[in-house]
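Remarks on the overall topology
Read off the chains here:
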Amino acid sequence: MQFWKFEAEGNSYIVVESSNQHPVDVQSICSRRVGLGSDGLLTAEWLDESTVRMRVFNADGTEAPMCGNGARCVAAFAYVNRPHLKDRDIVIQAKGATVTHRLADTDGMKFNAVIRLDQDPLISKQEAESRYQYVVGSPHLVILTDLDAVNLTEEGPRFESTYDGGTNVMFASVVDHGVIRVLPWERGVGVVEGCATGSAAAVMAVAMRTPNWPTESEVLTPKGCVRVEWNPMDRMLSMEGNVSLLAEGTYFA
Ligand SMILES: N[C@H](CCC[C@H](N)C(=O)O)C(=O)O
């Protein structure tokens, strides 16, 4: 089975074309010990010249509705295989959102991704505890807190179960005007080094409670940096980040 492995701002994903006939054991292929190692597997199905349907599977095999860093990997997969898409919009359709990508830089691969959210992403909030539940395609609980005091492997799974169906958990803190640091815990994966839609959720929470917060923010995760622009009036979200192709080959399973 042919695969492409990408890294995107701290998340790594394996992309396979959905037309391949082999049943895919997601847990095995994503395993760092007995597989290729990744945060998840993405299937890509060409719908037309520049539109790809993406399905997202976490490393534990569960399916997720959306993944921002993953959508960028699939946009990169489209571009790598069809380089004439360089100056075109590449549309990635996931169950939870449709994301329009534009190559912003060909030195490496930087994409700008735009989503128009259908509804208010804020689901609930517990202001006193600085906790905000969002759905940005996928669910993210944002907890604004002192990151030095966070025990990710203990608190991540505890908060993951506070939302029906589980939630990704983003521990976040403002480090400068327009700059947020996030420690992400992903449902179905665990500790990860980056998370784009989670970074966007962190920006939404901070922007809502901080007067004069700039429209453009930078979100730093342990191994990633995503520029997020959020306009709550028309619910336009844009996320900019890099992606690189790490490997391409045949997986024998
Ligand atoms: N890493 C992804 C989010 C994955 C969410 C997934 N773990 C879920 O079960 O919802 C991102 O960059 O947006």
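Remember, it's a predicted structure, so these values are computed and weren't measured experimentally.

About the criteria used
Residues numbered from 1 in each chain as written. Predicted model: local features only at pLDDT ≥ 70, side-chain atom pairs only at ≥ 80, totals over all residues. Heavy atoms only, no water. Helix = DSSP H or I, 4+ residues; strand = E, 2+ residues; numbered from the N terminus. Rg over C-alpha atoms; globule rule 2.2 N^0.38 Å. Buried < 20%, exposed > 50% of the residue type's maximum accessible area, 1.4 Å probe, protein only. Contact = heavy atoms within 4.5 Å. Areas by Shrake-Rupley, 256 points an atom, 1.4 Å probe, with all protein chains shown as cover. Lys, Arg positive; Asp, Glu negative; His and termini not counted. Charge placed at Lys NZ, Arg CZ, Asp CG, Glu CD. Expected span 1.5 Å × (residues − 1). Domains from an automatic or database assignment. Buried area = accessible area lost by both parts, 1.4 Å probe. Salt bridge = Lys/Arg side-chain N within 4 Å of Asp/Glu carboxyl O. UniProt positions renumbered as here; feature names shortened; annotations may be inferred. 1 Å grid on protein atoms, 1.4 Å probe; cavity = no way out; pocket = protein on both sides within 12 Å on 5 of 7 lines; lining within 4 Å. Core = buried A, V, L, I, M, F, W, Y, C linked by side-chain atoms within 4.5 Å. Polar contact = N/O pair within 3.5 Å; in protein donor to acceptor, adjacent residues only side chain to side chain.

Details of the overall build of the chain
Of the regular secondary structure elements, the chain holds four helices and 17 strands. By the compact-globule yardstick of 18 Å for 253 residues, the chain fits well, its C-alpha radius of gyration being 17 Å. The principal-axis extent of the C-alpha atoms belonging to the chain is close to 50 × 40 × 30 Å. When burial is assessed residue by residue, the chain has 51% of its 253 residues classed as buried. The contacts of the chain with a sequence gap of at least 6 include a subset with a gap of at least 24, amounting to 60%. Surface summary for the chain: the accessible area is close to 11300 Å², and the carbon and sulfur share equals 45%. Between the averaged position of the 22 positive side-chain charges in the chain and that of its 33 negative side-chain charges there is a distance of 2 Å.

Some points on helix α4 (residues 196-209)
Under the 1.5 Å per step criterion, the end-to-end length of α4 is 20 Å for 14 residues, consistent within 8% with the ideal 20 Å. Most of α4 sits out of view: 11 of its 14 residues are buried. Among the residues of α4, Ala196, Thr197, Gly198, Ser199, Ala200, Ala201, Ala202, Val203, Met204, Ala205 and Val206 are the ones counted as buried.

Describing the domain arrangement of the chain
Many descriptions give the size of an interface as the accessible area lost when the pieces come together. In terms of domains, the chain is made up of domain 1 (2-117 + 241-250) and domain 2 (122-229). Put simply, the middle of domain 1 and the middle of domain 2, counted by C-alpha atoms, are 22 Å apart. Domain 1 puts 19 residues into the contact, and the matching count from domain 2 is 19 residues. Taken together, the two surfaces of domain 1 and domain 2 that pack against each other cover about 1200 Å², and 52% of this comes from carbon and sulfur. At the surface where domain 1 touches domain 2, the tally comes to zero salt bridges.

Some thoughts on the side chain of Gln133
Within the secondary structure, Gln133 sits in strand β10 (residues 131-136). If we ignore the near neighbours within four places in the chain, the residues touching Gln133 are Pro121, Leu122, Ile123, Ser124, Pro139, His140, Leu141, Tyr163 and Thr167.

So, the pattern of salt bridges
Within this structure, the stated rule accounts for 10 salt bridges. As a salt-bridge pair, Glu63 and Lys95 come within 3.0 Å of each other at their nearest N and O atoms. Here Glu63 is found in strand β5 (residues 63-64), whereas its partner Lys95 is found in the loop between β6 (90-93) and β7 (98-105), with 32 residues between them in sequence. In this structure, the salt-bridge partner of Arg158 is Glu154, at a minimum N-O distance of 3.5 Å. Of this pair, Arg158 and Glu154 both sit in helix α3 (residues 152-160), four residues apart, roughly one helical turn. Under the relative-accessibility criterion, Glu154 is labelled partly exposed at 43%.

A short note on the UniProt feature "active site" (unreviewed entry) in the chain
Here, UniProt's "active site" (unreviewed entry) annotation points to Cys67 and Cys195. These annotated residues cover 129 residues of sequence, but their C-alpha atoms sit close together, with the largest distance between any two at 8.0 Å. Within this annotated set, the largest cavity is lined by Cys67 and Cys195. If we ignore the near neighbours within four places in the chain, the residues touching Cys67 are Tyr13, Met54 and Val56. Relative to the helices and strands, Cys195 resides in the loop between β14 (190-191) and α4. When its relative accessible area of 6% is taken as the criterion, Cys195 is described as buried.

Points about the nonpolar core
In terms of nonpolar packing, the biggest core is built from 59 residues, with Phe6, Val15, Met54, Phe111, Val142 and Leu237 touching the most fellow members. A domain-level breakdown of this core finds at least three residues from each of domain 1 (2-117 + 241-250) and domain 2 (122-229). Those residues in contact with Phe6 that lie beyond four places of it in its chain are Asn11, Ser12, Tyr13, Val15, Cys73, Ala76, Phe77, Met109, Val243, Ser244, Leu245 and Leu246.

Some points on the UniProt feature "binding site: substrate" (unreviewed entry) in the chain
When the UniProt feature table is mapped onto this chain numbering, "binding site: substrate" (unreviewed entry) sits at Asn11, Asn58, Gly68, Asn69, Asn168, Glu186 and Arg187. When only the residues just named are considered, the largest cavity is lined by Asn11, Asn58, Gly68, Asn168, Glu186 and Arg187. When neighbours within four sequence positions are excluded, Asn11 is seen to be in contact with Phe6, Asp39, Asn69, Glu186, Val192, Gly194 and Cys195. Here Asp39 takes part through its side chain, which lies 3.0 Å from a polar atom of the side chain of Asn11.

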